[in-house]
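# Geometric and topological summary
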Amino acid sequence: MSNLHPALIGLISGGVLLGALAGLVAYVTLLERKFAARLQSRVGPYRVGPHGLLQPIADAVKLLLKEDLVPAEADRRIFNLAPVVFLVPCLLIFATIPFAPGLGVADLNIGILFFMAVSSMEIVGLFMAGWSSNNKYALLSAMRAVNQIISYDLPFIMAALVPVLLAGSLRLSDIAAAQEGLWFVFYPVIGQLGFLAFVIASVAAENRVPFDILEAESELVAGFRVEYSGMKFALIQLGEYAHVLGTSFLGALLFLGAWSGPGPAWLGPGWFLLKALGIFLLITWVRWSFIRIRVDQILQISWKVLLPLTVLLVAATAITIVLRGASGG
Amino acid sequence: MTDADIRARIAEFPDAVVGAIDAAIVVTVPVAQWAVFARFAKDTLGCTYFSFLSAVDWKDDNLEVVAWIDQPDSGTAVLMRTRLGVGVTTCPSLVPVYRGAEWMERECFDMFGIHFDGHPDLRRMLLPDDWVGHPLLKSYAVDTPYPPYR
Amino acid sequence: MSAPSPMPADLNPRLVKTLDYTGSERLTMNMGPQHPSAHGVFRAILTLEGEQVVAVDAVIGYLHRCHEKLAETLTYAQYPSIASKTDYVAAMTSELAYVMAAERLAKIEVPKRAEYLRVAVAELQRVASHCLWLGTWCMDMGGALGGGATVFLYCIRERELVLDLFESLTGARLLYGFHQVGGVRYDVPEGWAAECRKTIDLIESRILEYEAMLEDNTFFRMRTEGVGVISRELALDVGIGGPLLRASGVAFDLRRAQPYSSYQDFDFNVPVETAGDCFARYQVRMVEFRESIKIVRQILDGLPEGPISSRPGLKSVAQVRVPKGEMYARVEGPRGEVGCYLIGDGGAKPYRMKWRGASFSNLAVLPHIIPGHSVADVVAIMGSVDPVFGEVDR
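Here we summarise the structure given alongside this text. (Residues numbered from 1 in each chain as written. Chains lettered and ligands numbered in written order. Predicted model: local features only at pLDDT ≥ 70, side-chain atom pairs only at ≥ 80, totals over all residues.)

## A few points about the overall build of chain C
Within chain C, the regular secondary structure consists of 15 helices and eight strands. In terms of overall size, chain C behaves like a compact globule, its C-alpha atoms giving a radius of gyration of 21 Å where 394 residues would be expected to give roughly 21 Å. Overall, the C-alpha framework of chain C stretches about 70 × 60 × 35 Å when taken along its three principal axes. Considering chain C as a whole, with its 394 residues, one finds that 54% of them fall into the buried category. (Helix = DSSP H or I, 4+ residues; strand = E, 2+ residues; numbered from the N terminus. Rg over C-alpha atoms; globule rule 2.2 N^0.38 Å. Buried ≥ 20, exposed ≤ 12 C-beta atoms within 10 Å, placed from the backbone.)

Below you can see the structure in the form of structure tokens.
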């Protein structure tokens, strides 16, 4: 394998990852639906395949077969391009995540910086979708989205800085390796608070309830994606779930020790997946339990509460490290 | 104000004919006194709760506008009514007195064609804006066709 | 008759209350008749400045079937089943208003057992209606794919239990045809009382759960406190009713102020709050759940024996000749005052029937209170006003 051209290795591993990702995202939607159903004292998808296991495939086929509508007054090129611009960053964030020591598409030494930068690019796709739809609801939603995601990316980055400082490196595999002894989430106070801030900020940055004011179905009827149907809608859904999953993987890596767990080393990716799904289920649980809050309240929480707290947290982490370095070695 | 007080004050109102439905007081006033009585009822008698306003088409006996108001403290109910003249389809509006009359009068206009003087925004309420005719008048047949709605 | 003209010019709706121009661009947005949280068919033309609503024009009439004209063509025996289609969520109280008006005008006596049964179903209907209100309100605020749907499904589960009771009593889940002039049509079947007790015990315990879930939730409080405040003076002036009125500080409940149909025999409280915001309306309705359950328990404990109608058998479908006169019968429905103003002319059909729908008056308050709030609050306020468009449009 190692005598193949590096570009070819990259291509193959990227392809494998994309394939695995598509399958994972599809089945994560089923997981969410089953989980939500149990919360609501019902069963969830049940009939398509045994216990609904073929539901995601049925959904994919349905979306492929739907008519692809473009509103008459919409800006065609941007309208068609927007789902792609939305999707690509959401898939690209997986490139830097190592699933096991040495098993990743591109283990950049600025791994987490790349992740953060690229995941913010989806705002562009989102706004393109909202603007080009020629629909007031979509426009309103897109404006709210830009506002919200930018506001919450800052605490998100700050919260992610805590493990970076503790590990002393931006490379994701280094951060994971630094948690061999103790997961960062178990660090007294800093770890827990950091994890909490990370989860809250990521829920908001992904437009999940209770922060999903931008697609508030009961007010804005699906928000920026209201005019999309068929495969383009599927791409947007894929992008959203991929982003949630990507942030869950990142959270598992930064705070929950990535692939470390009892048992032999080859079980590592399995543990990683389990932890990521755990965070995903936590986010889902919150989604199906809370009502959403207004956009001005969301922004207040971000700027007045979360950002100052995360900045303080980073400062505290830095002080801890200096003190530890001064006392320990 | 107690129930007895209200009845006494209403009896003193000029040109008012007083009757009863169960425990409610029925007051018939001429059209010119319609808004005046409403203002009197709200300010002096304390009938601040506005229940509804409607109209009745008495065919040869012309149109009649009725309104029901309540005094929430003593539980007194007053039904005020006024008979419009022959062929008359205008009536003073109660909107300056009771804000609830706004939608009720729009509905009366819609259904009976009564024009309320002083109403800020008199347009059709329940029927489409381009409907011709006023359905609740006795002269409007139940099965009047109106394309494309029926 | 010529073809109707194209869509009417509603681009310049006249607005009840418009806030002063602050300089930013104004956008006219339609929260159209097809909308997930319109509670039915309702069109609100919102004028927005940024996120803030500065004016609302409410357009109704999408469900207009002209009940008032229809009533002039149907006899007193035929119409009660149709009356339930005005407030279709609380059909029992709707039928009651019409039937009471006809009975009072014709001076027809109603047996005691029938009166008690009427009160029992009216209170059970109130419980079912408030279950639906809570579920749909939370769903509006929380999203059909989100926490709101969870509360919705729990409340619907409870509502189905009450509807099962109604089904075993009348045969229908939603629109009953239970009342008739002179009494009620169906008597309670075997085991209904026991089933009823079980159901209301269960619902009472679940209400505690919902209260804990919602009132301890900061997000819920943030969304509902201080939102959509209706002042006492506005409430009385516009003529809103029910929980909206009582949440604004007016202790006016028709079951207490002008008792009808044997309500004076029962012991219950009328909750009153003074804040006038969405949270106050929520609190009033939550207490009303419990009070209704209390009344139903009292009825089940003391249901008198006797006939269920003073016009039994064939007479129940025969014509009722109501003498000349007028009558206004009002009922405290879950949404407020449901009233039937009936003018009889000695025949078998009314001369004029005016239906006072509670939601029509309740909705009239929206253009006064919404300006100044943001778009997200519009759904919270509409949900707490709880309109049913069968009553609004008739």
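## Describing unusual backbone geometry
Notably, His 51 of chain A is not glycine yet its phi reads approximately 55°, a positive angle. Among the structural elements, His 51 of chain A can be located in the loop between helix H1 (6-39) and helix H2 (55-65). Even without glycine at this site, Asp 386 of chain C takes up a positive phi of about 55°. A tally of 26 C-beta atoms within 10 Å means that Asp 386 of chain C is categorised as buried.

## Details of the pairing of strand S2 (residues 43-49) of chain C
Residue and element names in this part refer to chain C. Bridge count between strand S1 (residues 26-31) and S2: six bridges; the pairing is antiparallel. Across the sheet, residue Met 29 finds its bridge partner in S2, namely Leu 46. Relative to strand S3 (residues 52-59), S2 is paired through seven bridges, and the arrangement is antiparallel. Following the sheet pairing, Ala 44 is matched in S3 by Ala 58. In this structure, the hairpin formed by S2 and S3 is closed by a connection of two residues, where Gly 50 is found at a positive phi of approximately 70°. (Pairing = 2+ DSSP bridges.)

## Section: the nonpolar core
Ranked by internal contacts, the top residues of the largest apolar core, which has 258 residues, are Ala 201 and Leu 253 of chain A together with Ala 101 and Ala 102 of chain C. Leave out the neighbours within four places in its chain, and Ala 201 of chain A touches Tyr 152, Pro 155, Phe 156, Ala 159 and Leu 306 of chain A. (Core = buried A, V, L, I, M, F, W, Y, C linked by C-beta atoms within 7 Å. Contact = placed C-beta atoms within 7 Å.)

## Some points on the environment of Arg 123 of chain B
All names here are of chain B. Take Arg 123: it is sitting in the segment after strand S7 (115-117). In this structure Arg 123 comes out as partly exposed when scored by C-beta crowding, with 13 C-beta atoms within 10 Å. C-alpha of Arg 123 to C-alpha of Phe 109: the two residues are 14 residues apart in sequence and 7.5 Å apart in space. For Arg 123, the contacting residues outside a window of four places in its chain are Arg 106 and Asp 129.

## Concerning the interface of chain B and chain C
On the side of chain C, 36 residues touch chain B, which itself brings 28 residues to the contact. Take the side of chain B that touches chain C: its biggest share by element is six residues, from strand S3 (residues 49-57) of chain B. Here the side of chain B that touches chain C is built from residues that sort into 17 nonpolar, five polar and six charged. (Nonpolar A, V, L, I, M, F, W, Y, C, P; charged D, E, K, R; others polar.)

## Digging into the packing of helix H3 (residues 76-92) of chain A against helix H10 (residues 230-255) of chain A
Residues and elements named next belong to chain A. Closest axis-to-axis distance for the H3/H10 pair is 8 Å, and the angle between their directions is 25°. Our classification of the angle between H3 and H10 gives roughly parallel. Where H3 crosses over H10, the handedness of that crossing is left-handed. Two secondary-structure elements touch here, H3 through Pro 83, Val 84, Phe 86, Leu 87, Cys 90 and Leu 91 and H10 through Lys 232, Leu 235, Ile 236, Leu 238, Gly 239, Ala 242, His 243 and Gly 246. Across the contact of H3 with H10, the residue classes break down as ten nonpolar, three polar and one charged. (Axes fitted to C-alpha atoms, helices over the stretch in contact; angles between N-to-C directions. Parallel < 35°, antiparallel > 145°, perpendicular 65-115°, else oblique. Left-handed = near helix turned anticlockwise from the far one by under 90°.)

Remember that the coordinates give geometry; whether it matters functionally is a separate question.
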